[in-house]
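Overview (structure and organization)
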Amino acid sequence: MSAIKKIYQHIEPNLTFISCMGVIGFPLYYYIWGTLYPQPYETLGLRLFCSILFIPLVFRKYLHPSLMRYLPHYYLVTVGISLPFFFGYMLIMNNWSTIWVMSLLASIFLHILVIYETKVMLSQAVISFIFAYTSAYYVNDHQMTASVEWSYIPIFLFVYIYGSIFYVKGKNVHEAKISIAKSFGAGIAHEMRNPLSAIRSSVDLLQSLLHTKHPTDSVPHYTIEQRDYQTVNELLDNMSNTVDSANETINLLLTSIDQNRIPTSTFKIYAASDIAQHAIQSFSYKNPLDRLAININIEDDFRFLGSDILLKYAFYNLFKNAFYYQNNENFNINISITKQEKWNQITVTDNGAGIAKEHLQDIFQDFYTHGKNGGYGLGLPFCRRIMEAFGGKIECTSELGQWTEFTLLFPTESSSEMRKLKEELVNAKSLLYIGNESDLRLRLKKQAQQMGFHLESITLTEAVKRKEYDFEFDVIMVDLNQVNRQWDLLTVLESQLHFSEAQIHYIYDAGSQYPIHIERHLSVYPLERNYLLDQSSPILYHLFFELPERIEADRNVIPLKQERTEKCILIVDDNHSVRNLTAILLEKQGYHVLQASNGQEALGTIEMHEVDLILMDIEMPVLDGIETTSTIRRSQKPYRHIPILGHTGDTNTPTLKRIRNSGMNDYIIKPADTANLLDKLADWI
C-alpha cells in the first residue's frame, strides 16, 4: 500500500501531461498503423478502451473526495493495461514484427519511468505479459498463429533489468542528495536552536528581573530612569523578535529543502493582513531605513486556506526582488489587500526598474534569471507553486523603468475553488473517536464516507493500551458519555496524549456533570454533543482547518484538575548558558534546582539527591540524554519512575521517536518560552 502511494506521489506532478498523451496517443496511432503504415493487426476497441482509462486521471482534481483515495490504485491498473499488457498483446497479434518489437522496447523504457518502485514495476510487467499472451491465445481460437520469438526475450530482459538498475541507481543518488540536504538542514536547525535557547532564557530572565518588586525596603534595590527603563525594554523586545525571526528562518529552511513539493497537510485558515504585517516586520532588511519604504493598505481583509510560513516566504521573495531592482531614491513598495467578487487579492507594487514585456512570460519558469547575480531563478517559480497550492494564482504586470506589480489571487471562502481545495485537503485528515458504539460514532462514520477523511474508532480500554506515538491524528474526540465510570483510565489516557499534536476534544452533554480533572498542560477543547450531531459537517471542517486559538476552548464547562507544585528539578545540559539561565528562572518560581553537564553526572546526582523531575538535553558528551534515560528506566532503584522531559532543538521524526522509545515522558522544543516551560513542568511534577 505504501509503495503504491509512493509511486503515485512521485508521478503526480507530471500525471496530467502523461494522461493527455495517453488519451490522444492511442487513437492517433490507430490511424498511423492502420492507414499510413498498415500493420497485420489493429484494434480500435482496445485502443479506445486504453484512451478512456486515462480520462479520469486528466480530470482527477474534479473527482468526488471519496473517490480520490483510490487514484493510486487506479493509476497502477491503468499503466499495467496501457503499457505492458497492450504492447505485449499487440506484439503477439502482429507476429513479432519489427515495428512492434521496437514499440515494446519503447514501452518498457516508459514503464520504468512511470512506475517508481522497481519491484512493483517488474511484478506488474510479468502479470501483464501473462494476461497478454492468454488474451491473444483466446482471441486466436486457442491457437497461436506464430510461435514465441525466444531470441527477443533476452533483449527485453536486458532492457528491463539494466534499465531498472540504472534508473534505481539514479533515483537512489537523488534521494541520497535530498536526504543529505534534509539532514544538513536539520543539523543547522539543531545547532542554531541551542544559542537561540540561551538568548531566549536571557530575555526571559532580564524581563523578570526588571519587573521584580521587592516587598520591603530592607532588600537592596536600584533605581533606573524611565527613559533607560524603556530603552532596556525595547532592546529586550528586539531580542525576542530576533529569536522569533531566527526560528522562522529555520522553519523556512526546512520547508524549502525540496521546493518541488508544497506541504499541504498543515494548511489552516489565516487572515491575510496578519501574515502581510508580520512579513513586513520580520523581513531581513539590509538597511533599517528600508522598512520605511514599505506601505500597506488594508481595504478589505480576507481569510485564506494555506500556510502562514509559505505565504511569508512569498512576501520575502517579492520584497527581496523589489529591493534588488530599485533604481531611484524615492523607491517604495505598496501592498494592498482587497476583496473582489470572484477573487481576494494582495497586490505588491514597487516603482523600481520594471520588467520588459518580452521577459514577463519567463519570470515564473524554473532557473530563469535576468540581470541578477547570485540568484538561482527558483524564488518566483516557488511562489507560483505556493499560490497554486492555495487554490489561487500569481500574476505580474510591469512597465520597464517605471513599476512592477505582482498580484496574488486567493479563492473566496464561498467559492467553488475553496470548496474543492478543502475537499482535496480533507482526504489527508484523520480523526480518532474514543468511545463505544453510539449515535455520535455512527454520525462521524457517515461524515467520513461523505467528506473523505480517515476515521478510526476505539474504546477507552483499547486506547490506554496504545503507545504514545499511536495517537498521530489531526483530531481526537473523547466521548465522556462513553467512559462508563472508568475515570481512572481517562487519567491514564491523558498522560499518553502529551506527545500527540492532535486537537483533543472532549464531547459532553450540557446537562451532565463529569468527575474529571483535565491535566493542566493538556490542551482540551470541549464540544457539546447535540451541537456536534446537528452541525457535524461544518464543525468538522472548522476543526480541521481553523487555527487552535480560534476554536472555542472554554474549559470551565468541564472541571479542571488542580495545579500541582513540587520540589526539586535536575537540569542536564552541556550548554552552560542554557543550564544556568534555566536554573535561575526555575529558582525564581520556587523550585530547588540541581545541575549536571552530561548524563554521567546526572546518574550520580540522582543517586545522592531526591529529584522530582529531570529536564534532559539530548545531544551531550560522555553520555547523551537518550542513553541516560534508558539507563534510568532499566534500573531497579526508586528513581526509575522520575518524570523525564527531553529538551531538544531537533524536531525531526526520528529524533522524536528516539525520545519516546527511550522512556522519556514528554519533550520541550528549544527555545521554549517561560510559560510553556513552566506549564510542562507543573504538569509532570
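Residues numbered from 1 in each chain as written. Predicted model: local features only at pLDDT ≥ 70, side-chain atom pairs only at ≥ 80, totals over all residues. Heavy atoms only, no water.

Some thoughts on the side chain of Ser 398
Along the chain, Ser 398 turns up in strand β6 (residues 393–399). On the basis of relative accessible area, Ser 398 is assigned to the buried category, the value being 8%. Polar side-chain contacts of Ser 398 include one of 2.7 Å to the backbone nitrogen of Ile 355. (Helix = DSSP H or I, 4+ residues; strand = E, 2+ residues; numbered from the N terminus. Buried < 20%, exposed > 50% of the residue type's maximum accessible area, 1.4 Å probe, protein only. Polar contact = N/O pair within 3.5 Å; in protein donor to acceptor, adjacent residues only side chain to side chain.)

Points about unusual backbone geometry
Of note, Asn 95 is a non-glycine position whose phi angle comes to about 55°, a positive value. Along the chain, Asn 95 turns up in the loop between α5 (71–93) and α6 (98–114). At Trp 96, a residue that is not glycine, the phi angle is positive and equals roughly 60°. The topology assignment puts Trp 96 in the loop between α5 and α6. According to the relative accessible area criterion, Trp 96 is buried, its value standing at 10%.

Considering the UniProt feature "transmembrane region" (unreviewed entry) in the protein
The positions UniProt marks with the feature "transmembrane region" (unreviewed entry) are residues 12–32, 44–62, 74–92, 98–116, 121–139 and 151–168. Within residues 44–62, the helical portion is 79% and the strand portion 0%, while the C-alpha atoms at the span's ends are 28 Å from each other. (UniProt positions renumbered as here; feature names shortened; annotations may be inferred.)

Overview of helix α14 (residues 416–426)
Within α14 the residues assigned to the buried category are Met 418, Leu 421, Lys 422, Leu 425 and Val 426. For α14, the angular spread of the buried residues around the axis is 125°, confining them to a single face. Elements that come into contact with the buried residues of α14 comprise β1 (268–271), β3 (303–306), α13 (379–389), β7 (403–411), α15 (439–451) and α19 (536–545). (Arc of directions from axis to C-beta. Contact = heavy atoms within 4.5 Å.)

Overview of the packing of α5 against α6
Contact geometry for α5 and α6: axes closest at 8 Å, N-to-C directions at 165°. When the interaxial angle is binned, α5 and α6 end up roughly antiparallel. For α5 against α6, the interelement crossing comes out left-handed. Residues Tyr 75, Val 79, Leu 83, Pro 84, Phe 86, Phe 87, Gly 88, Met 90 and Leu 91 of α5 form the contact with α6, whose participating residues are Trp 100, Val 101, Ser 103, Leu 104, Ser 107, Leu 110, His 111 and Val 114. In terms of residue class, the contact of α5 with α6 is built from 13 nonpolar, four polar and no charged. (Axes fitted to C-alpha atoms, helices over the stretch in contact; angles between N-to-C directions. Parallel < 35°, antiparallel > 145°, perpendicular 65-115°, else oblique. Left-handed = near helix turned anticlockwise from the far one by under 90°. Nonpolar A, V, L, I, M, F, W, Y, C, P; charged D, E, K, R; others polar.)

Here's the deal with the sheet that holds strand β8 (residues 430–434)
The strand order across the open sheet formed by five strands is β9-β8-β10-β11-β12, and the pairing between neighbours is parallel. Pairing within the sheet leaves two strands with one partner each, and these edge strands are β9 (454–458) and β12 (524–528). If you compare each strand with its neighbour and ignore which way they point, the axes differ by 25° on average. Here α19 sits on the sheet and contacts β8, β10 (475–479), β11 (503–508) and β12; the angle it forms with β10, its principal contact strand, is near 130°. (Pairing = 2+ DSSP bridges.)

So, the environment of Glu 601
Along the chain, Glu 601 turns up in helix α21 (residues 599–608). Along the primary structure Glu 601 and Leu 623 are separated by 22 residues, whereas in three dimensions their C-alpha atoms are 8.9 Å apart.

Some remarks on the pattern of salt bridges
Any two side chains of opposite charge can pair, on the condition that their charged atoms come close. Going through the model one piece at a time under the given rule, you end up with 14 salt bridges. For Glu 546, the salt bridge goes to Arg 303, with nearest N and O atoms at 2.7 Å. Pair noted here: Glu 546 is in the loop between α19 and β13 (568–572) and Arg 303 is in strand β3, with a separation of 243 residues, a long-range link. We classify Glu 546 as buried; its relative accessible area is 5%. Assessed through its relative accessible area of 26%, Arg 303 is described here as partly exposed. For the salt bridge of Glu 472 with Arg 660, the shortest nitrogen-to-oxygen distance reads 3.7 Å. Separated by 188 residues along the polypeptide, Glu 472 in the loop between α16 (460–464) and β10 and Arg 660 in helix α23 (residues 653–662) bring together distant segments of the chain. (Salt bridge = Lys/Arg side-chain N within 4 Å of Asp/Glu carboxyl O.)

Topic: the environment of Leu 67
For Leu 67, the position within the fold is in helix α4 (residues 65–68). Residue Leu 67 is classed as partly exposed on the basis of its relative accessible area of 46%. Sequence-wise, Leu 67 and Gly 452 are 385 residues apart; in three dimensions their C-alpha atoms are separated by 8.2 Å.

Focus on the pairing of β6
Walk down a regular strand and you will see the side chains alternate between the two sheet faces. Only one face of β6 is covered, namely the one carrying Ile 394, Cys 396 and Ser 398; the face carrying Lys 393, Glu 395, Thr 397 and Glu 399 has none of its residues buried. By the bridge criterion, seven bridges tie β6 to β7 in an arrangement that is antiparallel. The residue bridging Glu 399 from the neighbouring strand is Trp 403, located in β7. Connecting β6 to the next strand, β7, in antiparallel fashion are three residues, including Gly 401 with a positive phi near 80°.

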